[in-house]
Amino acid sequence: MNPVPQKNSGRYDFAFIEDKWQRHWLTQNTFKASEDSARRKYYLLEMFPYPSGKIHMGHVRNYSIGDVIARFKRMQGYNVLHPMGWDAFGLPAENAALKHDTHPAKWTYENIDYMKNQLQRMGFSYDWDRELATCDPEYYRWEQLFFIKMYEKGLVYRKMTTVNWCESCQTVLANEQVIDGQCWRCDNQVLPQDMHGWFFRITDYAEELLAECDNLTGWPEKVLTMQRNWIGKSIGAEIDFPVENTDQVLKIFTTRPDTIFGATFMSLAPEHPLVDLSRHTSQAEQVAQFVSRTKIARKQQKPDEEIEKEGVFIGHYCINPFSGDRIPIYTANFVLMEYGTGAVMAVPAHDQRDFEFARKYNLPVKVVVQPRDKQLDSETLLEAFEDTGVLAASAQFDGLSSAEAKIAITAFAAEQGFGKGMTTYRLRDWGISRQRYWGTPIPMIHCSTCGVQPVPEDDLPVILPADAKPDSSGSSPLHSLESFYKTLCPACGEEARRETDTMDTFVESSWYFARYACPDFTDGPLDRDRVNYWLPVDQYIGGVEHAILHLLYARFFTKVLRDLDYLSTDEPFKNLLTQGMVIKDGAKMSKSKGNVVDPNKLIEEFGADTVRLFSLFAAPPEKDLDWSNKGVEGASRFLNRVHRFVESNREMLTSAPDQQASNLNEKSRALHRKTHQTIRKVTRDLENDFHFNTAIAAVMELVNLLLSLISENAENDIAPAAIKEAVDATLLLLAPMTPHFCSELWEITGHEELLENQSWPTFNPESAKDEEIIVVLQVNGKVRSRLLVSPDIGNDELKELSLLDDKVQKFVGNKPIKKVIVVPKKLVNVVA
């Protein structure tokens, strides 16, 4: 039977097809994963969603990307684990429950049911048997066990500290959750407040977290740079400066001990305890006002915002232990308590920030490092000299290079007992206490006799009480619910009070990927054999906004669980893909901007496969995707063209023989060649950086060639086997992107085995080669010869081959060659 053009222009019945295959995959457990040591494993994971109520286009894009990779790897023969779950605790559930007059648990689980149905409508290849929700006591009981084990190991502690307080959310925020001085959830101003809180000693792992960034070769450099900067390693010296007329010592950390003789004032962070010395001086009121103003302003400051440098003298001096100089102490708005010791030795001649401050407040400037090519004068200095050089005005260290002086000065301080070499980090311990209800209860008990005691392991989980319900006051109901907080001390048996803070929700997401390997395991948090088989995650996918939140915490938690002997791996995620945002009308989609596109409506109008195809085709995964209604319509038209062609040629496609590369006419050979070139192109695009957009474009080119050859072929002499081969390749190559569509067409074209059981197609290198082309060779504008060359030949190689041609050499003779003109792949003219 001869192929025919498309018979009609109607849409295929995507609703019927998608429902049919989704039911099949669910009932047959098509994507259920189990350990198999004889097969290569591939663990594909997208960051699990918060059950907010509906999936949005960002979810669709993220999960479509992951699903393509999972299906592609499965077709390549990998044993693929592709799970899904719910990051279910958090303040938004409390706020929504208040708004809708319901309980956070009811609101959350209803949302999970709804969103699960949405994800299933998209046809994602999840192993739903591994589904978990972090608000399930069977999940967070193990998190509470981890907390206790970390406490016993000294990795958890409680202290009074200045915290980031969001009045609107009525809770503490970690440093990483304060964005431009505002709460990451509600965008309201964050204020400093003193209170007790629980902390994880992430700083104990600072060096390992930093060093192993170099081993994460499958991560974007941007994310690694953000983590390195957040960890913030600095190597230098800690020096003690005695505070005059007190028994206090001001410890400073500096990365430039070679400039210590140039220190002319000290700068303290407003939170530094020595600032309190001002209380007994005439500066007390001025300092207090400055400190309060600075703390508030700092929370509102954007990371890249330049602030005017300000400070106040605290009424005290310290003594430089090297020179004996009397140095005034200031508190300044540019010094951070989180960096070093919270005190900075100010050297105006060699630090531009200090220079500007000194000029503003008429403080001395003293040059102690001279460049090698000129002499600097403190009186005429217009800006700080921040480079290294040769020491001057530095007593016995004069004449040393900066590098030599750093070593010598640090050694001298250590010998004299007022200093030492030191490495510091910007990273601070992770404050995990939250004053909210909807979170994992912290498993600790406060006893007036025995102090703080961990809950006995046999009493876990400490279950979040269902009879507690947040109210409009913003305060956690746990603080006043006697049935929850009244308990007995596990050490002495006397009456005690249960901890009423809950854990930061980032704790739940710091280990969920490991629990996916064994969600049904009840003898402990993790089944070592199964976890060892699946971890680390081979490909993780999520937003770059999590670079110093979730991604850093997950790395820390993995190392902790390794040291607690629950895991064997050092890192959680081998490869990381950070997908771009979905943009509409020039801005990220959001309800507040009124530019949200509802995936449900798109699925109803065009089908899930069209939505998937557009989200994959519109941009490379790491780039932002500009929303286009025309783009969605274009994706729909393409799928309908393929469907109409297959339907119009079902009989021919089901009866056509397997492809034979020999004895094909020119048009059949062209189609056969294009089919193998397309397989090669798509395979490489998916394996190298997941370039789905160019892979889809290649399949479209194949389809366009197929349809044009048939519509222009009056002789109907294209081999049915070549057509069938092209159609089969199209369906196999598109299967990860549009699985319902391709599964249906694969079935109706007579294949006995289901598409989901097919291997990824392979290309024949010989078949994928382009036929050689003829290039005309001229000498002084006259045709003298011809070359048969590959169409991929470059201009330089073509020029070289032309000059070696016997006939060209004959006609050029001994004449000098003036120039060689190349018309790519067509003509070479040698001018002699």
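Look a little higher up for the structure.
Rules of the game
- Residues numbered from 1 in each chain as written.
- Predicted model: local features only at pLDDT ≥ 70, side-chain atom pairs only at ≥ 80, totals over all residues.
- Heavy atoms only, no water.
- Helix = DSSP H or I, 4+ residues; strand = E, 2+ residues; numbered from the N terminus.
- Buried < 20%, exposed > 50% of the residue type's maximum accessible area, 1.4 Å probe, protein only.
- Areas by Shrake-Rupley, 256 points an atom, 1.4 Å probe, with all protein chains shown as cover.
- Lys, Arg positive; Asp, Glu negative; His and termini not counted.
- Charge placed at Lys NZ, Arg CZ, Asp CG, Glu CD.
- Pairing = 2+ DSSP bridges.
- Axes fitted to C-alpha atoms, helices over the stretch in contact; angles between N-to-C directions.
- Contact = heavy atoms within 4.5 Å.
- Nonpolar A, V, L, I, M, F, W, Y, C, P; charged D, E, K, R; others polar.
- Core = buried A, V, L, I, M, F, W, Y, C linked by side-chain atoms within 4.5 Å.
- Domains from an automatic or database assignment.
- Phe/Tyr/Trp six-rings, centres within 6.5 Å; stacked < 30°, edge-to-face > 60°.
- Disulfide = S-S within 2.5 Å.
- Parallel < 35°, antiparallel > 145°, perpendicular 65-115°, else oblique.
- Left-handed = near helix turned anticlockwise from the far one by under 90°.
- Salt bridge = Lys/Arg side-chain N within 4 Å of Asp/Glu carboxyl O.

Novice: How do you make sense of the overall build of the chain when you look at a structure like this?
Specialist: Secondary structure summary: the chain contains 24 helices and 32 strands in total. By its C-alpha atoms, the chain is 105 × 90 × 50 Å across when sized along the principal axes. Counting across all 832 residues of the chain, residues that qualify as buried make up 55%. A total of about 36,600 Å² of accessible surface is found on the chain, and carbon and sulfur atoms cover 47% of it. Side chains of the chain give 93 positive and 117 negative charges; the mean places of these two sets differ by 6 Å.

Novice: Teacher, can you tell me more about the sheet that holds strand β1 (residues 41-46) here?
Specialist: By definition, the strands of a sheet pair up through backbone hydrogen bonds, in either a parallel or an antiparallel sense. Across the sheet, which stays open at both edges, the 4 strands sit in the order β2-β1-β24-β25 with parallel pairing between neighbours. Whereas interior strands pair on both sides, the edge strands pair on one side only; in this sheet they are β2 (79-81) and β25 (576-578). For this sheet the average axis-to-axis angle between neighbouring strands, irrespective of direction, equals 15°. Here β1 pairs with strand β24 (residues 539-542) via 3 bridges, running parallel. Bridging from a neighbouring strand, Leu45 pairs with Tyr540 of β24. Contacts between helix α2 (residues 57-75) and the sheet are confined to β1, β2, β24 and β25, with β1 contributing the most and set at about 170° to the helix.

Novice: What should I look at first to understand the sheet that holds strand β4 (residues 171-173) in this one?
Specialist: Strand order in the open sheet formed by 4 strands is β4-β3-β7-β17, and the pairing between neighbours is antiparallel. Edge strands, defined here as strands with exactly one partner in the open sheet, are β4 and β17 (430-431). Where strand β3 (residues 156-166) lies against β4, 3 bridges are found, and the strand directions are antiparallel. Bridge pairing in β4 places Asn164 opposite Leu173. Contacts between helix α5 (residues 137-152) and the sheet are confined to β3 and β7 (190-200), with β7 contributing the most and set at about 80° to the helix.

Novice: Got a minute to help me understand the packing of helix α16 (residues 608-617) against helix α20 (residues 692-711) in this structure?
Specialist: Angle between the axes and distance between the axes are the two parameters that describe a pair of packed helices. Taken N-terminus to C-terminus, the directions of α16 and α20 make an angle of 115°; their axes are 7 Å apart at the nearest point. In contact with Leu613, Leu616 and Phe617 of α16, α20 contributes Phe692, Asn693, Ile696, Ala697 and Met700. Class assignment of the residues belonging to the contact of α16 with α20 gives a composition of 7 nonpolar, 1 polar and no charged.

Novice: Sorry if this is basic, but what is going on with the side chain of Asn693 here?
Specialist: Here Asn693 lies in helix α20. Here Asn693 falls in the buried class, since its relative accessible area comes to 14%. Among all residues touching Asn693, those that are not within four sequence positions of it are Leu616, Phe617, Ala619 and Pro620.

Novice: Would you mind going over the nonpolar core with me for this structure?
Specialist: Nonpolar side chains in soluble globular proteins generally cluster together in the buried interior. Within the largest apolar cluster, 186 residues are counted, with the highest numbers of intra-cluster contacts made by Phe200, Trp430, Phe513, Phe556, Phe557, Trp627 and Ile723. With 12 residues, α20 is the largest single contributor of residues to this core. Taken domain by domain, the makeup of this core includes at least three residues from each of domain 1 (145-201 + 430-503) and domain 3 (628-768). Ignoring sequence-local partners within four residues, the contact set of Trp627 consists of Met57, Val582, Ile583, Lys584, Met589, Val597, Leu602, Phe614 and Val632. Counting 54 residues, the second largest nonpolar core, distinct from the first, contains Val335, Val368, Leu391 and Ala413.

Novice: Explanation requested: the packing of aromatic side chains in the structure shown.
Specialist: We describe a pair of aromatic rings using the distance from one ring centre to the other and the angle between the two ring planes. The tally for this structure, following the rule as stated, stands at 50 aromatic pairs. With a centroid separation of 6.4 Å and an interplanar angle of 65°, the aromatic rings of Phe322 and Phe397 are classed as edge-to-face. On the criterion of sequence distance, the pair formed by Phe322 in the loop between β11 (311-319) and β12 (326-332) and Phe397 in the loop between β15 (390-391) and α10 (402-416) is long-range, its members being 75 residues apart. On the basis of relative accessible area, Phe397 is assigned to the buried category, the value being 5%. Both rings, one in Tyr437 and one in Trp438, keep their centres 6.1 Å apart while their planes meet at 35°; by these two values the pair is tilted. Each member of the pair, Tyr437 together with Trp438, is buried.

Novice: For this particular structure, what's the right way to read the pairing of strand β22 (residues 495-498)?
Specialist: Here is the key point about a regular strand: its side chains alternate between the two faces of the sheet. Sheet topology places strand β19 (residues 444-447) next to β22; 2 bridges connect them, and they run antiparallel. Looking across to β22, one finds that His446 is bridged to Arg497. Where strand β21 (residues 486-488) folds back onto β22 in an antiparallel hairpin, the turn is made up of 6 residues, including Gly493, whose phi is positive at roughly 80°.

Novice: When you look at the state of the cysteines in this model, what are you seeing that I'm missing?
Specialist: Linking two cysteines covalently via their sulfur atoms produces the bond known as a disulfide. Throughout the structure, instances matching the rule amount to 0 disulfides. Of all cysteine sulfurs in the structure, the one in Cys518 sits closest to Cys135, which takes part in no disulfide; the separation is 19 Å. Given a relative accessible area of 6%, Cys135 falls into the buried group. Here Cys166 is not disulfide-linked; the sulfur of Cys186 is the nearest cysteine sulfur, at 3.6 Å.

Novice: Please clarify how the environment of Ala393 should be interpreted in this entry.
Specialist: When you line up the elements, Ala393 lands in the loop between β15 and α10. Residues Ala393 and Val368, 25 residues apart in the sequence, show an inter-C-alpha distance of 5.4 Å. Non-local contacts of Ala393, meaning those with residues more than four positions away in its chain, are made with Phe261, Lys366, Val367, Val368 and Asp398.

Novice: Would you mind going over the packing of α20 against helix α21 (residues 720-734) with me for this structure?
Specialist: Orientation of α20 relative to α21, taken along the N-to-C sense of each, is 155°, at an axis distance of 10 Å. As judged from the angle between their axes, α20 and α21 are roughly antiparallel. Regarding α20 and α21, the two cross each other, and that crossing is left-handed. Within the contact between the two elements, α20 uses Val699, Leu702, Val703, Leu706 and Ile710 and α21 uses Ile723, Ala726, Val727, Thr730, Leu733 and Leu734.

Novice: Mind showing me how you'd approach the environment of Leu745 here?
Specialist: With respect to the secondary-structure elements, Leu745 resides in helix α22 (residues 739-748). Overall, Leu745 belongs to the buried group, its relative accessible area being 0%. Separated by 17 residues in the primary sequence, Leu745 and Asp728 have C-alpha atoms spaced 9.2 Å apart. Those residues in contact with Leu745 that sit more than four places away from it in its chain are Val642, His643, Val646 and Leu731.

Novice: What is the right way to read the pattern of salt bridges from this model?
Specialist: Side-chain pairs of opposite charge can arise where the charged atoms are in close proximity. What the rule picks out here adds up to 44 salt bridges. Here Lys41 makes a salt bridge to Asp538, at a shortest N to O gap of 2.7 Å. Linking Lys41 in strand β1 with Asp538 in the loop between α13 (528-534) and β24, this pair joins segments that are 497 residues apart in sequence. Each member of the pair, Lys41 as well as Asp538, carries the same accessibility label: buried. Here Glu244 and Arg326 are joined by a salt bridge, their closest N and O atoms 2.9 Å apart. Note that Glu244 is positioned in the loop between β8 (233-242) and β9 (249-254) and Arg326 in strand β12, a separation of 82 residues in sequence. With relative accessibility at 48%, the residue Arg326 sits in the partly exposed group. Where salt bridges share partners, they join Glu208, Glu212, Arg555, Lys559, Arg562, Asp563, Asp570 and Glu571 into one cluster.

Novice: Could you clarify how one ought to interpret unusual backbone geometry in this entry?
Specialist: A negative phi holds for most residues other than glycine; trans holds for most peptide bonds. Put simply, Leu460 and Pro461 share a cis peptide bond, and its omega is 5°. Along the chain, the position of Pro461 falls in the loop between β20 (451-454) and α11 (482-485). Look at the link from Leu535 to Pro536: it is a cis peptide, with omega at 0°. Relative to the assigned elements, Pro536 resides in the loop between α13 and β24. Although it is not a glycine, Asp689 sits at a positive phi angle of roughly 70°. Residue Asp689 is classed as exposed on the basis of its relative accessible area of 55%.

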